[in-house]
Amino acid sequence: MARLIGVEIPDNKRTVIALTYIFGVGPTTAAATCEALGLDPERRAKELTDEQLGAISAHLEATYLVEGALRRMNTQNVHRLRDIACYRGLRHRRGLPVRGQRTKTNARSRKGPKKTVAGKKSVKAMK
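These remarks concern the structure in this document. (Residues numbered from 1 in each chain as written. Predicted model: local features only at pLDDT ≥ 70, side-chain atom pairs only at ≥ 80, totals over all residues. Heavy atoms only, no water.)

### Some remarks on the nonpolar core
So, point 1. Core analysis: the biggest nonpolar cluster contains 18 residues, and L4, I9, L19, I22, V25 and I56 have the highest contact counts within it.
So, point 2. Looking at this core, the elements with two or more residues in it are β1 (2-4), β2 (7-9), α1 (15-18), α2 (27-37) and α3 (50-63).
So, point 3. Ranked by residues supplied to this core, first place goes to α3 with three residues.
So, point 4. Excluding its chain neighbours within four sequence positions, the residues that come into contact with I22 are L4, I5, V7, I9, L60, V66 and E67. (Core = buried A, V, L, I, M, F, W, Y, C linked by side-chain atoms within 4.5 Å. Buried < 20%, exposed > 50% of the residue type's maximum accessible area, 1.4 Å probe, protein only. Helix = DSSP H or I, 4+ residues; strand = E, 2+ residues; numbered from the N terminus. Contact = heavy atoms within 4.5 Å.)

Following this line, the structure appears as C-alpha cells:
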C-alpha cells in the first residue's frame, strides 16, 4: 500500500478513487489533481511511481487543506463557537443536532442511545 500524507491508499483501486481516501479529498478534487499532474485516473494506485506519489502529495498540500490541517481547522471552528457561547456552540456542547433538525423523535446518532426515564407510568397503569 502506498502512503500519501500519512494515509495508506488502497493499491487495487483506480488512482482517482484511491485519492478520496485522504480526508478533504473528494471525487472532484481527486479528478482535478490527476488532471493537473497529467496522471491517468484509470491507472491503479499500485502502478504509480515514487515520483508521482511525491508529486501528488506536494500538489495536494500546496493547493488544498487536507488531513491534519483540515481536521485541526474544523476542531478550532467548533471550539470557537463553544467559546463565544452562540446557539450553535451550545448545541455542540450539549451534543444535540446543530442545524435545526427535530429532536422529539430521531436525532439518536447525535444524542446517543435512548435513556429511559424512571418513574414514568404507562397508559395502562393509569386506568
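### Let's talk about the packing of helix α4 (residues 67-83) against helix α5 (residues 87-94)
So, point 1. Between α4 and α5, the least distance of the axes is 7 Å, while the angle of their chain directions is 105°. Relative to α5, α4 is oriented roughly perpendicular. Contact with α4, carried on its side by V78, L81 and R82, involves R88, G89, H92 and R93 of α5 and no other residues of that element.
So, point 2. Of the residues assigned to the contact of α4 with α5, the class counts are two nonpolar, two polar and three charged. (Axes fitted to C-alpha atoms, helices over the stretch in contact; angles between N-to-C directions. Parallel < 35°, antiparallel > 145°, perpendicular 65-115°, else oblique. Nonpolar A, V, L, I, M, F, W, Y, C, P; charged D, E, K, R; others polar.)

### Some points on the pattern of salt bridges
So, point 1. Going through the model one piece at a time under the given rule, you end up with four salt bridges.
So, point 2. Residue R14 pairs with E42 through a salt bridge whose shortest N-O separation is 2.8 Å. Pair noted here: R14 is in the loop between β2 and α1 and E42 is in the loop between α2 and α3, with a separation of 28 residues, a long-range link.
So, point 3. Residue R14 is classed as partly exposed on the basis of its relative accessible area of 27%. (Salt bridge = Lys/Arg side-chain N within 4 Å of Asp/Glu carboxyl O.)

### Focus: α3
So, point 1. The first and last C-alpha atoms of α3 sit 20 Å apart over 14 residues, in line with the 20 Å expected at 1.5 Å per residue.
So, point 2. The complete set of buried residues in α3 reads L53, I56, S57 and L60. Buried residues of α3 fall within an arc of 90° about the axis and therefore sit on the same side. Residues E51 and A62 are exposed on α3 and point more than 90 degrees away from its buried face.
So, point 3. Along its buried surface, α3 packs onto β1 and α2. (Expected span 1.5 Å × (residues − 1). Arc of directions from axis to C-beta.)

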